[in-house]
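An overview of the molecular structure
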Amino acid sequence: MAIHIFSISFLTAHFRRHETKKFRSTYFLPPPTVIWGIIGAAFGIKREKLIEFVKENNLAVGAELINFKGTATEKATLLEYKDRNFLKTIEDFEILIEPYFRIGVSGKEGMIEELKERIDKRRFEFDIYGGITDCFLKDIRNENSSELAEKTSAKGMIPMDLVEGCSQLKEGGKVVKVLYFNTFFYQGFNVEFKLKKPIKTVDGIAIWDINDVERFRKGNLE
């Protein structure tokens, strides 16, 4: 197994929170399934093959929000073709403005080395978007060092039932409660969470694999 960190920024981003309906809120951090899609796009993995790619490469991922310029709300007209007619629905989208993330990745060595090369050479098979196709990539680059460790403190996206507390919020910092599949999480910006037990981290960023995501699907709502 190998690990890696890369930084990525977008002009805008929207990572839809699926529990929201008419107002489409965004996660502040791309959840694991979104990061799988970003890496899959670099390798040219189609959506129907993505889970297989994740399993074959023992992929575990996580994100830390380093900076962003705020949020905005945009109105979008959605068209649905039904009974030979187009039905129009106007919905509000919450958009992140110029978000900049660090992405922690753990996986098979060959895949990690190829990922580094693809990022260095900007050799992506599919375009990389910030969640939806209207949100364009600004920059992406490899970072030089990373450390894999099991820690009782972490940054990023953490299930609520693992969180014992958090560090003092830095200026502009925030903690947001979100629902991902059927599990409640805290997502943090400029904050580090104190945990009840050690979890895997890359450079202090919490990372999650396919087994974790399946557990999040089952959830802790009951």
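Reading the values: the criteria
Residues numbered from 1 in each chain as written. Predicted model: local features only at pLDDT ≥ 70, side-chain atom pairs only at ≥ 80, totals over all residues. Heavy atoms only, no water. Buried < 20%, exposed > 50% of the residue type's maximum accessible area, 1.4 Å probe, protein only. Helix = DSSP H or I, 4+ residues; strand = E, 2+ residues; numbered from the N terminus. Arc of directions from axis to C-beta. Contact = heavy atoms within 4.5 Å. Polar contact = N/O pair within 3.5 Å; in protein donor to acceptor, adjacent residues only side chain to side chain. Core = buried A, V, L, I, M, F, W, Y, C linked by side-chain atoms within 4.5 Å. Axes fitted to C-alpha atoms, helices over the stretch in contact; angles between N-to-C directions. Parallel < 35°, antiparallel > 145°, perpendicular 65-115°, else oblique. Nonpolar A, V, L, I, M, F, W, Y, C, P; charged D, E, K, R; others polar. Expected span 1.5 Å × (residues − 1).

Quick notes on helix α4 (residues 210–218)
Every buried residue of α4 is accounted for by Ile210, Asp212, Val213 and Phe216. Seen end-on, α4 carries its buried residues on one side only, within an arc spanning 155°. In α4, the exposed positions that point more than 90 degrees away from the buried face belong to Asn211 and Lys218. Where α4 is buried, its residues touch α1 (32–43), α2 (50–56), β10 (157–159), β12 (174–180) and β13 (183–189).

Concerning the side chain of Gln187
Here Gln187 shows up in strand β13. Relative accessible area serves as the criterion here: at 2%, Gln187 is assigned to the buried category. Among the polar contacts listed, one links the side chain of Gln187 to the backbone oxygen of Leu29, at a separation of 3.2 Å. Other than its neighbours up to four places away in sequence, Gln187 contacts Tyr27, Phe28, Leu29, Gly156, Met157, Lys174, Val175, Val176, Val178 and Phe193.

Some remarks on the nonpolar core
Within the largest apolar cluster, 53 residues are counted, with the highest numbers of intra-cluster contacts made by Ile8, Ile39, Leu59, Phe101 and Ile158. Among the elements that take part in this core, α1 stands out by supplying seven residues, more than any other. In this structure Ile39 touches Phe53, Leu59, Val61, Val105 and Leu115, once residues within four positions along its chain are discounted. By size, the runner-up hydrophobic cluster in this structure holds six residues, among which are Ile3, Ile5, Ala60 and Ile207.

Some thoughts on the packing of α1 against helix α3 (residues 109–121)
α3 packs onto α1 with a crossing angle of 75° between their chain directions and a minimal axis gap of 10 Å. The orientation of α1 with respect to α3, classified from their angle, is roughly perpendicular. Between α1, through Ile39, Ala42 and Phe43, and α3, the contact on the second element is made entirely by Met111, Glu114, Leu115 and Arg118. Each residue belonging to the contact of α1 with α3 can be placed in one class, and the counts come to five nonpolar, no polar and two charged.

Here's the deal with α3
The terminal C-alpha atoms of α3, which comprises 13 residues, lie 18 Å apart, in line with the 18 Å expected from a rise of 1.5 Å per residue. In this structure, the buried residues of α3 make contact with β1 (2–10), α1, α2, β7 (100–107) and β8 (137–142). Within two residues after α3, Arg122 carries a phi angle of roughly 50°, on the positive side.

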